[in-house]
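Each chain, written out:
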Amino acid sequence: MADPTRIVILGGGFGGVLAARRLERLCKNRPDVQITLISRDNYLLMTPLMFEACTGTLELRHCSVAIRAFLRRTRFIEGIVQSVDLEKRIVRAAWGSQGGGHDVPYDQLVLALGAVTNTRQIPGSEHAMPFKALADVIVLRNHIIECLERADVETDPDLRRRLLTIIVVGGGFVGTEVFGELTAFMDEVVRYYPRVRRDEMKLYLIQAGERIVPEVPPQLAEYATRILTRRVGVQILVDTKVQSIEPDRVHLKDRIIEAETIVLSAGILPNPVSAQLDLEKDRYGNIVVENTMRCKSRPEIWAIGDSASIPDSQGKPYPKLAQFSMRQAKTLADNIYATLNDRPLKPFEFKMLGLMAALGHNKGLGTVLGVPIRGFFAWWLRRTYYLSVMPRWAQRIRIVADWTIALFFRPEISKVDLGREQVARMRATPSESISAR
């Protein structure tokens with residue numbers, strides 16, 4: 001019996017997971033095809049729901065889906081992709097507690113590794129907190145709650161002011177959504193802290209461009225600015241470039257703002273593994289592919305999502321948005337299947353449905369098929385859309401339950417303990433350790 005055709009997919013985001021699911025269906029009667037997916041995490045993260053998970057509206061696990069529960073026939077490997085040998089057609093990955101390297105051979109390779117936060121643009125960006133992965137959500141939420149706990153007992157006015165100051169660098173869609181949800185979160189949880197006043201809290205949204213959310217029409221950007229600046233302690237700084245970032249301060253051209261919490265949302269860069277491959281790239285480092293998502297120089301390699309520069313009918317690259325990655329996954333899987341059967345490939349074609357952003361307090365904005373929407377309807381429509389595209393009904397039901405509970409109760413302020421028992425014991429005094437038993 002001949003060796004099976006080995007299709008290896010790198011990345012567990014929308015593009016990678018949905019491409020694997022589509023290939024499963026197409027190849028269900030093909031025992032000569034082996035599908036493998038390698039991802040750092042064993043879950044598919046619904047990134048548009050991360051904002052609500054950060055503020056406690058959603059339970060953390062409910063904005064993700066276990067890949068093993070979603071894929072039926074694909075061999076899943078939880079591991080970190082280290083490198084790809086294009087000549088030998090081997091993926092080098094590390095997994096397990098020891099992090100040892102392993103080789104995974106391929107015949108067809110799909111690059112869906114996504115992107116990472118751009119830390120090159122602003123000096124000192126490594127001191128800011130990213131908002132890209134589920135771990136970032138946990139760390140940011142824990143950090144903000146800890147700042148409130150410390151501020152509740154702090155007597156030094158300068159330190160107290162810094163603890164109660166939050167800065168979000170980058171006023172695009174992601175930065176504005178994070179900022180909107182955090183302002184709403186502060187409005188709710190301040191009631192738990194009797195020695196902290198809401199007017200003591202300062203929240204800054206800093207945007208280098210002339211307006212926030214530049215992805216939408218100007219009137220919607222004005223609406224977002226108006227809604228956010230009505231909230232206590234909010235300042236939106238546009239046409240303002242951040243010169244550098246330090247652990248507890250942001251340097252602007254004309255002043256320095258001290259803050260214990262600095263969130264970075266200033267664009268993305270291609271995944272380092274994709275960037276290192278000897279393949280044609282555009283000026284941003286994305287892998288240039290044909291409109292079929294096939295690599296020009298190496299027909300056994302495909303790229304999708306944030307890893308790729310996929311041209312539309314006008315030759316312009318498609319935006320790096322989840323709605324495009326989800327549709328690209330289907331076309332890519334169809335094209336790989338066509339390759340296995342020596343059939344012609346079809347180009348990827350898709351027109352953007354719209355853009356939607358949440359601003360907190362049941363407010364939102366966006367465009368749907370070119371029509372601008374805002375207010376409660378935009379917020380409701382955004383939730384409805386992302387609920388509908390969430391894989392698995394079990395997860396949808398959990399999300400609806402969380403949203404319903406959030407209508408009647410305040411957000412939880414319990415931190416997710418990331419420390420180990422041994423560390424906790426080291427911090428405790430001997431008497432505390434004995435009494436705790």
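As a convention, each chain's residues are numbered from 1 in the sequence order in which they are written. Residues qualify for local features only when their pLDDT is at least 70, as the model is predicted, and side-chain atom pairs are given and counted only at 80 or more; totals for whole chains, interfaces and linings, by contrast, use all residues. Hydrogens are left out, water is left out, and the side-chain values use all remaining heavy atoms of the structure.

### Regarding the sheet that holds strand β23 (residues 363-368)
As a reminder of what qualifies: Between any two strands, at least two bridges found by DSSP are needed for them to pair. Each helix is a run of H or I in the DSSP string that is no shorter than four residues. Each strand is a run of E no shorter than two, and both are numbered from the N terminus. Axis definition: a line fitted to C-alpha atoms, limited for helices to the stretch in contact. Angles are taken between N-to-C directions and run from 0 to 180 degrees.
Strand order across the open sheet formed by 3 strands is β22-β23-β24, with antiparallel pairing between neighbours. Both edges of this open sheet fall to β22 (354-360) and β24 (371-375), since each of them pairs with a single strand only. Put simply, the sheet's adjacent strands are angled 5° from each other on average, direction ignored. One ladder, built from 5 bridges, connects β23 with β24; its direction is antiparallel. Among the inter-strand pairings, Gly366 is bridged to a residue of β24, identified as Ile373.

### Some words on the packing of helix α4 (residues 134-153) against helix α6 (residues 173-189)
The description of two helices packed together rests on the angle between their axes and the distance between the axes. The following threshold applies: Angular relationships are summarised with four words: roughly parallel below 35 degrees, roughly antiparallel beyond 145, roughly perpendicular across 65 to 115, and oblique for the angles in between. The handedness criterion is simple: a crossing whose near helix is rotated anticlockwise from the far helix by less than a right angle is left-handed, and one whose near helix is rotated clockwise is right-handed. The contact rule is simple, with two residues in contact once any of their heavy atoms fall within 4.5 Å.
Packing of α4 against α6 brings their axes to within 12 Å, and their N-to-C directions diverge by 40°. Here α4 lies oblique to α6, going by the angle between them. Viewed along their axes, α4 and α6 form a crossing whose handedness is right-handed. From α4, Arg141, Ile144, Ile145 and Leu148 reach across to α6, where they touch Leu182, Phe185, Met186 and Val189.

### Notes on helix α11 (residues 393-406)
Quick note on the threshold: What a helix is expected to span follows from its residue count: subtract one and scale by 1.5 Å. Think of it in three bands: residues with accessible area under 20% of the maximum for their type are buried, residues over 50% are exposed, and the middle band is partly exposed, with areas taken using a 1.4 Å probe on protein chains only. The arc under discussion is defined with respect to the helix axis, by the directions toward the C-beta atoms.
Over its 14 residues, α11 extends 20 Å from the first C-alpha to the last, a length consistent with the 20 Å expected when each residue adds 1.5 Å. Every buried residue of α11 is listed here: Gln395, Arg396, Ile399, Asp402 and Trp403. Buried residues of α11, seen end-on, are gathered within an arc of 125° and therefore sit on one face of the element. With respect to the buried face of α11, the exposed residues turned more than 90 degrees away are Trp393 and Ile397. Looking at the buried positions of α11, the neighbouring elements they touch are α2 (50-54), β4 (64-66) and α10 (376-389).

### Describing the pairing of strand β11 (residues 165-169)
To be explicit about the condition: If the strands point away from the viewer and the path from the first strand over the helix to the second runs clockwise, then the crossover is right-handed.
Taking burial as the measure, the 5 residues of β11 include 5 buried ones, the bulk of the element. Neither face of β11 is left uncovered, since the one carrying Thr165, Ile167 and Val169 and the one carrying Ile166 and Val168 both have all their residues buried. In the sheet, β11 pairs with strand β12 (residues 202-206) via 5 bridges, with the strands oriented parallel. In the sheet register, Val168 faces β12, and the bridge partner there is Leu205. Handedness of the crossover joining β11 and β12 through α6: right-handed. Of the strand pairs in this sheet, β11 and strand β17 (residues 261-264) are connected by 4 bridges, and their pairing is parallel. Counted as the bridge partner of Ile166 is Thr261 from β17.

### With respect to the pattern of salt bridges
Under the convention used in this document: A pairing counts as a salt bridge when a side-chain nitrogen of Lys or Arg comes within 4 Å of a carboxyl oxygen of Asp or Glu.
Counted by the stated rule, this structure contains 27 salt bridges. Note that Asp334 and Lys346 form a salt bridge whose closest N and O atoms lie 3.2 Å from each other. Pair noted here: Asp334 is in helix α9 (residues 322-340) and Lys346 is in the loop between α9 and β22, with a separation of 12 residues, a long-range link. Here the salt bridges share partners, and the residues they tie into one network are Arg150, Arg162, Glu246, Asp248, Arg249, Glu258 and Glu260.

### What to know about the nonpolar core
For the record, the criterion: Among buried residues, those of type Ala, Val, Leu, Ile, Met, Phe, Trp, Tyr and Cys that are joined through side-chain atoms within 4.5 Å constitute a nonpolar core.
Ranked by size, the top nonpolar core spans 118 residues in total, and within it Leu10 and Val91 carry the most contacts. Per-element accounting of this core gives the leading share, 9 residues, to α4. When sequence neighbours within four positions are dropped, the list of residues in contact with Val91 reads Val8, Leu10, Ile38, Val81, Ser83, Val84, His102, Asp103, Val104, Tyr106 and Leu109. Counting 16 residues, the second-largest nonpolar core is a separate cluster that includes Ala128, Val242, Ile245 and Leu252.

### As for the sheet that holds strand β16 (residues 256-258)
Strand order in the open sheet formed by 3 strands is β14-β15-β16, and the pairing between neighbours is antiparallel. Both edges of this open sheet fall to β14 (244-246) and β16, since each of them pairs with a single strand only. Adjacent strand axes in the sheet meet at a mean angle of 15° when their direction is disregarded. Here β14 pairs with strand β15 (residues 249-251) via 3 bridges, running antiparallel. Residue pairing in the sheet places Ser244 in a bridge with His251 of β15.

### A closer look at the pairing of strand β9 (residues 108-111)
Side chains Gln108 and Val110 project from β9 onto one buried face, and the interleaved Leu109 and Leu111 project onto a second face that is buried too. Across 4 bridges, strand β1 (residues 5-10) lies against β9 in parallel orientation. Each residue of the ladder has a partner; that of Leu10, found in β9, is Leu111.

### Quick notes on the side chain of Thr183
Positionally, Thr183 belongs in helix α6. A relative accessible area of 0% means that Thr183 is categorised as buried. When near neighbours in sequence (up to four residues on either side) are disregarded, Thr183 contacts Arg198, Leu203, Leu228, Arg231 and Val234.

### A look at the environment of Leu163
With respect to the helices, strands and loops of the structure, Leu163 is situated in helix α5 (residues 157-163). Contact partners of Leu163, with chain neighbours within four places excluded, come to Cys147, Arg150, Ala151, Glu154 and Glu260.

### Thoughts on the layout of surface pockets
Put simply, the rule reads: We place a 1 Å grid over just the protein atoms. Points where a 1.4 Å probe fits but has no way out form a cavity, open points with protein on both sides within 12 Å along at least 5 of 7 lines form a pocket, and any residue with an atom within 4 Å of a point lines it. Grid points are joined across faces, edges and corners, and a volume is the space filled by probe spheres set on the points. Lys, Arg, Asp and Glu make up the charged group, whereas Ala, Val, Leu, Ile, Met, Phe, Trp, Tyr, Cys and Pro make up the nonpolar group; the residues left over, Gly among them, are polar.
If you add up the space inside the second largest pocket, you get close to 760 Å³. The wall of the second largest pocket is formed by 30 residues, among which Thr55, Gly56, Thr57, Ala406 and Pro411 lie closest to the centre. By residue class, the composition of the lining of the second largest pocket is 13 nonpolar, 7 polar and 10 charged.

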